[in-house]
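# Secondary and tertiary structure notes
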Amino acid sequence: MREEPAYTEFHPRWLRHPTSTYWWLQRRAYFVFVLREMTSVFVAWSTMYLLLLVRAVTRGDAAYQEFLDWSTGPGVLLLNVVTLGFVLFHAITWFNLAPQALVVKVGRITVPGFLIAASNFAAWMVVSALVAWLLLGRS
Amino acid sequence: MARRTVEPLLWILFSAGGVLAALLIPVLMLLFGLAFPLGWLAAPGDDTLLLLLSHPLARVGGSFLCLLWLLHAAHRLRYTLYDGLQIKHLDGVINLVCYGGAIVGSAWAAYLLWRVP
Amino acid sequence: MVDRITLEVARYRPEADSGPTFQEYEVPCPRDWVVLDGLNYVKDRLDGTLSYRWSCRMGICGSCGMTVNGEPKLTCAAFLADYAPGPVRVEPLQNFPIIRDLVVEIGDFMKKLVSVKPWIIRDEAQPLSAGEYLQTPDELHDYKQFSMCINCMLCYAACPIYGLDPKFIGPAAIALAQRYNLDSRDQGAAERLEILSEHEGIWGCTFVGECTKVCPKNVDPAGAIQRYKLHAAVESLKSFFAPRGA
């Protein structure tokens, strides 16, 4: 805690504004930041959803089909649409912030931030394509 | 002293989980959350998935992946609760719920993947 | 072209007020005037009791930081014409205690700057006969950006973490530590690591990034902090696996 001075005529009371619980609503940048942090909840849900999928697959084809049907229900579908939006937001903000955290030097030249972000996005596309290739066209 | 070494480690796990979540979760949720259930694309058969999941690499890798994803989420949620709701004085409870939940979830993941025939 | 513009200025007189109030002043608005010019007009012609800090009026001293229409800004760099037709709300810098009117208490900030040991630390000083410490332009480039900080505290005003926890060491202090850590002449990185690895050091930061957005000198403190987190984490792992003893 900051040391509290003794208040005198020549050192009167300072005014302190406490930070409101709704500080994150006061500026657009803060709100977007909190949204970015909330993507963590949807990352956790995605993990749970994929684990439920693994469980259904283990129980056989009937359970697997039932799981896919369950996913078309309005509640789950809506949740997954929202989840997709949030995890995309996570990926985009994460890769855009990478250049600020990673400074890469090749010899004497610092790699420009744009290239670091671009290579992250490229890796994302490659990995996604790989996963899709593994899973598609194998019914 | 223990506190000093834990925070950097948690941050590393958070970062690793963040990168892996960013790379893998969007495509997985697009396919298994929307495309396959809604029939936009032909879903892989049950046997194909079992083949993929039964490989030891998939079991270990999958468990590790879930651990990192859940730890990433736990770490971020913990700080959001601190800052967003200003309930830092409950930090013992928050840490338990967040990281504890991540550990429990990962244990379940490992169990499920072990049980794949 | 607007002739005049209204400034809504926050007032707080501890000897008379119990809380903050706002007072309106109408000032001329020539094209090249900044908010600071408006405040000086108020002080010179309208109300001599207004208290605020300023000095160089050209963005190098870091004295005139205030909250203008909700954004932390150097008032010498905020053109009145950009806010036309107004009114322009001028408040003291956020997250700091207010001494009077637009003057905030900066003692906490000054203490934090000193706490990161912002000077060249050597294991052993080079004798005078050896001459100067030499540094190539590339080595200078490594830390130059972080040496541009003018200590204006806009980053502390923008940082929600500092607003929530005044013990947080803050963006400028960490950027300053990085300025020395990355300096090829410095050997004190380990010493600074002690202070910065506290929970209220770098680990309190959640990379909101507002500090970098408001910095008038493009210091990018958020980048400094994230880079330092990586360094500190690696150091922590190294010391865990190969401890050299406290």
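Look above for the structure.
Residues numbered from 1 in each chain as written. Chains lettered and ligands numbered in written order. Predicted model: local features only at pLDDT ≥ 70, side-chain atom pairs only at ≥ 80, totals over all residues.

## Structural notes on the overall build of chain B
Check the secondary structure of chain B and you find four helices and zero strands. Here chain B has a C-alpha radius of gyration of 17 Å; the compact-globule value for 117 residues is 13 Å, and the former is much larger. Dimensions of chain B along its principal axes, counting C-alpha atoms only, are 50 × 30 × 20 Å. The contacts in chain B between residues at least 6 apart in sequence include a share of 81% that link residues at least 24 apart. (Helix = DSSP H or I, 4+ residues; strand = E, 2+ residues; numbered from the N terminus. Rg over C-alpha atoms; globule rule 2.2 N^0.38 Å. Contact = placed C-beta atoms within 7 Å.)

## Considering the overall build of chain A
Secondary structure summary: chain A contains four helices and two strands in total. When the helices and strands of chain A are read in sequence order from the N terminus, they spell out α-α-α-β-β-α. Its C-alpha radius of gyration of 24 Å places chain A more than 25% over the 14 Å reference for a compact globule of 139 residues. Along the first, second and third principal axes, the C-alpha atoms of chain A reach 85 × 50 × 25 Å. The burial tally for chain A puts 25% of its 139 residues in the buried class. Nonlocal contacts in chain A, meaning residues at least 24 apart in sequence, comprise 40% of its contacts between residues at least 6 apart. (Buried ≥ 20, exposed ≤ 12 C-beta atoms within 10 Å, placed from the backbone.)

## A short note on the interface of chain C and chain A
Listed as interface residues are 24 residues of chain C and, on the opposing side, 16 residues of chain A. At the level of secondary structure, the elements contributing two or more residues to the side of chain C that touches chain A comprise strand 6 (98-100), helix 5 (160-164), helix 8 (210-214) and helix 9 (221-241) of chain C. The element that contributes the greatest number of residues to the side of chain C that touches chain A is helix 9 of chain C, accounting for five residues. Split into classes, the residues belonging to the side of chain C that touches chain A amount to 13 nonpolar, three polar and eight charged. (Nonpolar A, V, L, I, M, F, W, Y, C, P; charged D, E, K, R; others polar.)

## Digging into helix 2 (residues 61-72) of chain A
Residues and elements named next belong to chain A. In this model helix 2 runs 17 Å from its N-terminal to its C-terminal C-alpha over twelve residues, within 8% of the 16 Å that 1.5 Å per residue would give. Every buried residue of helix 2 is accounted for by Tyr64, Phe67 and Ser71. Buried residues of helix 2, viewed axially, fall in a sector of 60°; they line one side. What points out from helix 2, more than 90 degrees from its buried face, is the exposed set Ala62 and Asp69. (Expected span 1.5 Å × (residues − 1). Arc of directions from axis to C-beta.)

## Side note on the sheet that holds strand 3 (residues 65-68) of chain C
In any sheet, the strands associate via hydrogen bonds between backbone groups, in a parallel or an antiparallel arrangement. Residue and element names in this part refer to chain C. The sheet built from five strands is open, its strands ordered 2-1-5-3-4 with mixed pairing. Because the sheet does not close on itself, it has two edges, and the strands there are strand 2 (21-28) and strand 4 (71-74). Neighbour to neighbour, the strand axes of the sheet diverge by 35° on average, direction disregarded. Bridge count between strand 1 (residues 4-11) and strand 2: eight bridges; the pairing is antiparallel. In the sheet register, Leu7 faces strand 2, and the bridge partner there is Tyr25. Of the strands in this sheet, strand 1, strand 2, strand 3 and strand 5 (88-91) are in contact with helix 1 (residues 35-46), which crosses strand 2 at around 95°. (Pairing = 2+ DSSP bridges. Axes fitted to C-alpha atoms, helices over the stretch in contact; angles between N-to-C directions.)

## Points about the environment of Val43(A)
Within the secondary structure, Val43(A) sits in helix 1 (residues 28-58). In this structure Val43(A) comes out as buried when scored by C-beta crowding, with 28 C-beta atoms within 10 Å. C-alpha of Val43(A) to C-alpha of Pro112(A): the two residues are 69 residues apart in sequence and 30 Å apart in space. Among all residues touching Val43(A), those that are not within four sequence positions of it are Val87(A), His90(A), Ala21(B), Ile25(B), Trp69(B), His72(B) and Ala73(B).

## Thoughts on the nonpolar core
Residue and element names in this part refer to chain C. Counting residues in each nonpolar core, the largest one holds 73 residues, and the members touching the most others are Val35, Cys155 and Ile174. Here this core gets seven residues from one element, more than from any other, and that element is helix 6 (residues 171-181). Of the domains in this structure, domain 1 (4-104) and domain 2 (107-241) are the two that each give at least three residues to this core. (Core = buried A, V, L, I, M, F, W, Y, C linked by C-beta atoms within 7 Å. Domains from an automatic or database assignment.)

## Digging into the interface of chain A and chain B
Of the residues lining the interface, 46 residues belong to chain A; the matching set on chain B comes to 47 residues. Residue classes in the side of chain A that touches chain B are distributed as 29 nonpolar, 13 polar and four charged.

## Description of the environment of Leu182(C)
Residues and elements named next belong to chain C. Tracing the sequence through the fold places Leu182 in the loop between helix 6 and helix 7 (189-196). Exposure remark for Leu182: the 22 C-beta atoms within 10 Å place this residue in the buried category. Separated by 167 residues in sequence, Leu182 and Glu15 have C-alpha atoms that sit 47 Å apart.

## Examining the packing of helix 1 of chain A against helix 4 (residues 91-114) of chain B
Where helix 1 of chain A meets helix 4 of chain B, the closest approach of the two axes is 10 Å, and the angle between their N-to-C directions is 25°. Taken together, the axis directions place helix 1 of chain A and helix 4 of chain B in an arrangement best described as roughly parallel. The handedness of the crossing between helix 1 of chain A and helix 4 of chain B comes out as left-handed. Residues Thr47(A), Leu51(A), Val54(A), Arg55(A) and Thr58(A) of helix 1 of chain A pack against Gly105(B), Trp108(B), Ala109(B), Leu112(B) and Leu113(B) of helix 4 of chain B. When grouped by side-chain class, the residues that make up the contact of helix 1 of chain A with helix 4 of chain B number six nonpolar, three polar and one charged. (Parallel < 35°, antiparallel > 145°, perpendicular 65-115°, else oblique. Left-handed = near helix turned anticlockwise from the far one by under 90°.)

## A few points about unusual backbone geometry
Residues and elements named next belong to chain C. Note the cis peptide between Ala84 and Pro85, where omega equals -5°. Here Pro85 lies in the loop between strand 4 and strand 5. Look at the link from Gly86 to Pro87: it is a cis peptide, with omega at -5°. For Pro87, the location among the structural elements is in the loop between strand 4 and strand 5. Of note, the phi angle at Lys117 is positive, near 55°, even though the residue is not glycine. Looking at where Lys117 falls in the secondary structure, it is placed in the loop between helix 2 (107-115) and helix 3 (137-144). The exposure class of Lys117 is partly exposed, given the 17 C-beta atoms found within 10 Å. Phi angles above zero are rare outside glycine, and Asn151 is one such case at about 55°. By the secondary structure assignment, Asn151 is in the loop between helix 3 and helix 4 (154-158).

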